[in-house]
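# Commentary on secondary and tertiary structure
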Amino acid sequence: MKPKATTIRVSVATRDRLANIARKEGRTMIEVLNEAIQDYEQKVFWQELNEQIDQTQRTDPKSWADYLAERELVLGPPPRGRRTAPEWEGLITFPEEKDETNPR
């Protein structure tokens, strides 16, 4: 059974742009439009999440620290920023890893 359909008004330029994308990708205009809406919703979700994280970090730093500590218990420590091949492990010290006891 086909989903119900309706008509929406868009400018001729918008319709032509949508048709051009669909033609180039070998898809229907509805498929392209549905994907664009899904991408937009995902973008908004991540923007809102990042804003909430920023707000929590600013307004409740203790809760944020508690969250990070609990997260580390569950997931383990965060990975190092840089990865080295196993054969180089221990032979290279990155600047951020240097301290007074290891001046290499």
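Criteria and cut-off values
Residues numbered from 1 in each chain as written. Predicted model: local features only at pLDDT ≥ 70, side-chain atom pairs only at ≥ 80, totals over all residues. Heavy atoms only, no water. Helix = DSSP H or I, 4+ residues; strand = E, 2+ residues; numbered from the N terminus. Buried < 20%, exposed > 50% of the residue type's maximum accessible area, 1.4 Å probe, protein only. Salt bridge = Lys/Arg side-chain N within 4 Å of Asp/Glu carboxyl O. Phe/Tyr/Trp six-rings, centres within 6.5 Å; stacked < 30°, edge-to-face > 60°. Patch = residues over 30% accessible without salt bridge, like charges linked within 9 Å, V, L, I, M, F, W, Y side chains within 5 Å. Areas by Shrake-Rupley, 256 points an atom, 1.4 Å probe, with all protein chains shown as cover. pLDDT = per-residue confidence, 0-100. 1 Å grid on protein atoms, 1.4 Å probe; cavity = no way out; pocket = protein on both sides within 12 Å on 5 of 7 lines; lining within 4 Å. Points joined across faces, edges and corners; volume = space filled by probe spheres on them. Nonpolar A, V, L, I, M, F, W, Y, C, P; charged D, E, K, R; others polar.

## Considering the overall build of the chain
Across its full length, the chain holds 3 helices and 0 strands. In the chain, the succession of helices and strands from N to C terminus is α-α-α. For the chain, buried positions account for 7% of its 104 residues.

## Topic: the pattern of salt bridges
One pass over the full model with this rule turns up 4 salt bridges. Across the pair glutamate 25 and arginine 27 runs a salt bridge, and its minimum N-O distance is 2.8 Å. With a relative accessible area of 26%, arginine 27 lands in the partly exposed category. A salt bridge links aspartate 66 to lysine 62; its shortest N-O distance comes to 3.0 Å. In this pair, aspartate 66 and lysine 62 are both assigned in helix H3 (residues 61-75), 4 residues apart and thus about one turn of the helix distant. It is possible to trace a salt-bridge network through shared partners that takes in Glu25, Arg27 and Glu35.

## Some remarks on the packing of aromatic side chains
Taken as a whole, this structure holds 2 aromatic pairs when the rule is applied. Centroid distance tryptophan 64 to tyrosine 67: 5.1 Å. Interplanar angle 35°. Geometry classified as tilted. Residue tryptophan 64 and its partner tyrosine 67 are located together in helix H3, separated by 3 residues, close to a single helical turn.

## Examining a nonpolar patch on the surface
On the surface, a cluster of nonpolar side chains totalling about 380 Å² of accessible area is made up of Leu73, Val74 and Leu75. Of note, leucine 73 is situated in helix H3. Taking the relative accessible area as the measure of exposure, leucine 73 reaches 75% and is therefore exposed.

## Concerning the confidence of the model for the chain
Per-residue confidence for the chain gives a mean pLDDT of 86, with 84% of residues at or over 70. The secondary-structure element of the chain with the lowest mean pLDDT is H3, recorded at 91, while helix H1 (residues 12-25) shows the highest, at 97.

## Digging into the layout of surface pockets
In this structure, the largest pocket spans a volume of roughly 660 Å³. Residue lining of the largest pocket: 22 residues in total, with Ile8, Leu18, Met29, Ile30 and Leu33 positioned closest to the centre. Put simply, the parts of the chain that give the lining of the largest pocket at least two residues each are H1 and helix H2 (29-59). For the lining of the largest pocket, a count of residues per class yields 12 nonpolar, 4 polar and 6 charged.

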